[in-house]
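Structural description and commentary
Here is how the chains run, residue by residue.
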Amino acid sequence: MTDSFVHLHIHTEYSLANSVVRIKDLAARIVELEMPAVAITDRANLFGSIKFYRTMVRAGIKPIIGADMWIENPTNRNAPHQLVLLTKNQEGYKNLCGLITLAYTESQYAGRACVSKDCLNQHSSGLIALSGGQKGDLGQALMSGNLSRATQLAEGYQRMFGDRFYIELQRVGRRHEEEYIREAVNLAQIAGLPVVATNDVHFLHEQDFDVHEVRACIHDGRVLSDQRRQRRFTSQQYLRSTAEMVAIYSDIPEALQNSVELARRCNYSVEIGDYYLPRFPLPESQSPEKHLLEKSRSGLERRFQTTSRALPGDYRARLDLELDVIAHMGFAGYFLIVADFIQWAKDNGIPVGPGRGSGAGSLVAYALGITELDPIAHGLLFERFLNPERVSLPDFDIDFCIEGRDRVIEYVAGRYGREKVSQIVTHGTMAARAV
């Protein structure tokens, strides 16, 4: 990288309350500005990280994945500090995922998912930290005139991150900004720490500020004309060009050079396309494929026994065809797991739907009791569900009674391991109809 600045602190629309930056637009703007790399640092989440990674790689831009984290404030839990974490390598990405998970599951205060310093210390490997500017605990200590406290905090971060801790500088038009920068640079010299410039980006162009303020008002339940509403952002928090940043930091050029050096240090490549499924508990010395074959055949025969009909040859052929595809694609364990928790729900009096979507086209699913529709009788195609020509994970649409759904989730987590089970969210962005 020969360029003199890289943006390392950017919020996108996946920061639910405070950004209007769309990832495709961000990539186009970075290309237009001829910047070699860029970081995503959404507020305590990685919702947009995969989309960001793919989009930037396609655009020929080096992607850096990170997050703007809330750090617990021991003196006031309702006013946590901020710290930016960037992934240096795979270990760092896993640690960042772990920190965010712990923040949401164990340390939420006043609607904010926070991380304790102890937890941060345990998961700091592979991560690069930026101090958070004026909003970090180090910045707050400097702004209160407590250099001794700021020095202690800096030493603590040095022990935690080693040479992976940077004092963050921002010039975006906030009050007491120059006072903070003067004290931060002084502390950096005392503690032997590098400084790095960021612009805490929340919108792409300066003229987008008004649109961003509308979004902030929607979140806060305020109107633009309200003189009492909190104004947390400035019109300068846009994606500035390298030339603009060079002009702003002409007195501290090393803060820009360090942004490029820091970007060089971040080299995590996201592994996309590999599936990791929990293992189904199997009888000794039996493969998932063989176990699925046995359960499918016995299940289908049982279906026909209840109707006093012999199993037709076309059902046998269809079953063998599906089992061959499932085994070839490595999804035998998946079918066994889904059949297991559906059967558990039925055995425990939790109503389960008959099945819908493309999964209803699977005879194996019908034989296992995952669905209650005979796909051959109804002319449903298995290829719409699983197709070796277009490899993708199978996806059963299953309806559980709302009053028993939590029990099913609890059963799955207990049987297969809580660290292997998660729930997903449908993320709604500010599309036109949502606005």
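Residues numbered from 1 in each chain as written. Predicted model: local features only at pLDDT ≥ 70, side-chain atom pairs only at ≥ 80, totals over all residues. Heavy atoms only, no water.

Description of the environment of Glu289
Defined as follows: Where helices and strands are cited, they refer to DSSP runs of H or I of at least four residues and of E of at least two residues respectively, numbered from the N terminus. Should any heavy atoms of two residues lie within 4.5 Å, those residues are counted as being in contact.
Mapped onto the elements of the fold, Glu289 is located in helix α11 (residues 288-305). In this structure, the C-alpha to C-alpha distance between Glu289 and Phe233, residues 56 residues apart in sequence, is 57 Å. Setting aside residues no more than four positions away along its own chain, Glu289 makes contact with Ala327 and Ala332.

Looking at the pattern of salt bridges
Selection criterion: For this document, the term salt bridge refers to a Lys or Arg side-chain nitrogen within 4 Å of an Asp or Glu carboxyl oxygen. For each residue, the accessible area found with a 1.4 Å probe, counting protein chains only, is set against the maximum for its type, and the residue is called buried under 20%, exposed over 50%, and partly exposed in between.
This structure, assessed with the given rule, holds 17 salt bridges. A salt bridge links Asp251 to Arg171; the shortest N-O distance between them is 2.9 Å. Taken together, the positions of Asp251 in the loop between α9 (242-248) and α10 (253-265) and Arg171 in the loop between β7 (165-170) and α7 (177-191) put the pair 80 residues apart, joining distant regions of the chain. With a relative accessible area of 48%, Asp251 lands in the partly exposed category. For Arg174, the salt bridge identified is with Asp200, shortest N-O distance 2.8 Å. With Arg174 in the loop between β7 and α7 and Asp200 in the loop between β8 (195-198) and α8 (209-220), the pair connects residues that are 26 residues apart, well separated along the chain. For Arg174, a relative accessible area of 17% corresponds to the buried category. Through salt bridges that share partners, Arg171, Glu178 and Asp251 make up one connected network.

Considering the side chain of Thr55
Secondary-structure assignment places Thr55 in helix α2 (residues 49-58). What makes Thr55 buried here is its relative accessible area of 9%. In this structure Thr55 touches Ile23, Lys24 and Ala27, once residues within four positions along its chain are discounted.

Some words on the packing of aromatic side chains
Put simply, the test is: When two rings of Phe, Tyr or Trp (its six-membered ring) have centres within 6.5 Å they constitute a pair, described as stacked for plane angles under 30 degrees, edge-to-face for angles over 60, and tilted for the intermediate range. By the criterion adopted, a ring carries a charge over it if an Arg CZ or a Lys NZ lies within 6 Å of its centre and within 35 degrees of its normal.
Per the stated rule, a full pass over the model turns up 10 aromatic pairs. Here Tyr93 and Tyr268 contribute two aromatic rings whose centre-to-centre distance is 4.8 Å and whose plane-to-plane angle is 20 degrees, an arrangement assigned as stacked. Separated by 175 residues along the polypeptide, Tyr93 in helix α3 (residues 90-106) and Tyr268 in the loop between α10 and α11 bring together distant segments of the chain. Each member of the pair, Tyr93 as well as Tyr268, is classed as buried. Over the face of the ring belonging to Tyr249 we find Arg171, whose NZ or CZ atom lies 5.2 Å from the ring centre. Positioned over the ring face of Tyr366 is Arg303, at 4.2 Å from the centre of the ring.

Here's the deal with the nonpolar core
Filter applied, for reference: By convention a nonpolar core is built from buried Ala, Val, Leu, Ile, Met, Phe, Trp, Tyr and Cys residues, the set being connected through side-chain atoms within 4.5 Å.
Of all hydrophobic cores here, the largest spans 65 residues; its most connected members are Leu26, Leu85, Leu120, Phe161, Phe165, Ile167 and Leu169. Setting aside chain neighbours within four positions, we find Ile167 in contact with Ser131, Tyr180, Ala184, Leu187, Ala188, Leu193, Pro194, Val195 and Val196. Ranked by size, the runner-up nonpolar core spans 39 residues in total, among them Val325, Phe335, Ala345 and Ala367.

Focus: the pairing of strand β6 (residues 127-130)
In plain terms, the rule: For two strands to be treated as a pair, DSSP must find no fewer than two bridges joining them.
What you see with β6 is no split at all: Leu127 and Ala129 on one side and Ile128 and Leu130 on the other are buried throughout. Across 4 bridges, the pairing between strand β3 (residues 81-87) and β6 is antiparallel. Opposite Leu86, over in β6, you have Ile128 as the bridge partner. Sheet topology places β6 next to β7; 2 bridges connect them, and they run parallel.

Some remarks on the packing of α11 against helix α12 (residues 313-329)
The criterion, for reference: Note on method: axes are straight lines fitted to C-alpha atoms, helices fitted across the in-contact stretch only, with angles between N-to-C directions ranging 0 to 180 degrees. Note on terminology: angles under 35 degrees are roughly parallel, angles over 145 are roughly antiparallel, angles of 65 to 115 are roughly perpendicular, and the others are oblique. Two helices that cross are described as forming a left-handed crossing if the nearer one is turned anticlockwise from the farther one by less than a right angle, and a right-handed crossing if clockwise. Nonpolar residues are Ala, Val, Leu, Ile, Met, Phe, Trp, Tyr, Cys and Pro. Charged residues are Asp, Glu, Lys and Arg, and all others, Gly as well, are polar.
For the pair α11 and α12, interaxial distance at closest approach is 11 Å and the crossing angle is 155 degrees. Relative to α12, α11 is oriented roughly antiparallel. The way α11 lies across α12 gives a crossing that is right-handed. Note on element contacts: α12 touches α11 through Tyr315, Arg316, Leu319, Asp320, Leu323, Ile326 and Ala327, opposite Glu289, Leu292, Leu293, Ser296, Arg297, Leu300, Glu301 and Phe304. Classifying every residue of the contact of α11 with α12 by side-chain character gives 9 nonpolar, 1 polar and 5 charged.

Focus on the side chain of Arg171
Note the following rule: Any pair of N or O atoms that falls within 3.5 Å is considered a polar contact. Within protein, one atom must be able to donate a hydrogen and the other to accept it, and sequence-neighbouring residues count only if both atoms are side-chain atoms.
The exposure class of Arg171 is buried, given its relative accessible area of 9%. Reaching out from Arg171, the side chain makes a polar contact with the side chain of Asp251 at a distance of 2.9 Å. Apart from the residues within four sequence positions on either side, Arg171 is in contact with Glu177, Glu178, Ile181, Thr198, Asn199, Gln236, Arg240, Ile248, Tyr249, Asp251 and Ile252.

Remarks on helix α6 (residues 147-161)
Short version of the rule: Helix span, as expected, comes to 1.5 Å for every residue beyond the first.
Between its terminal C-alpha atoms α6 stretches 21 Å, which fits the 21 Å expected from 15 residues at 1.5 Å a residue. All of the buried residues along α6 are Ala150, Thr151, Leu153, Ala154, Gly156, Tyr157, Met160 and Phe161. Of the surrounding elements, those touching the buried residues of α6 are β3, α4 (117-122), β6, α5 (137-143), β7 and α7. One or two positions beyond α6, positive phi appears at Gly162, with a value near 65 degrees.

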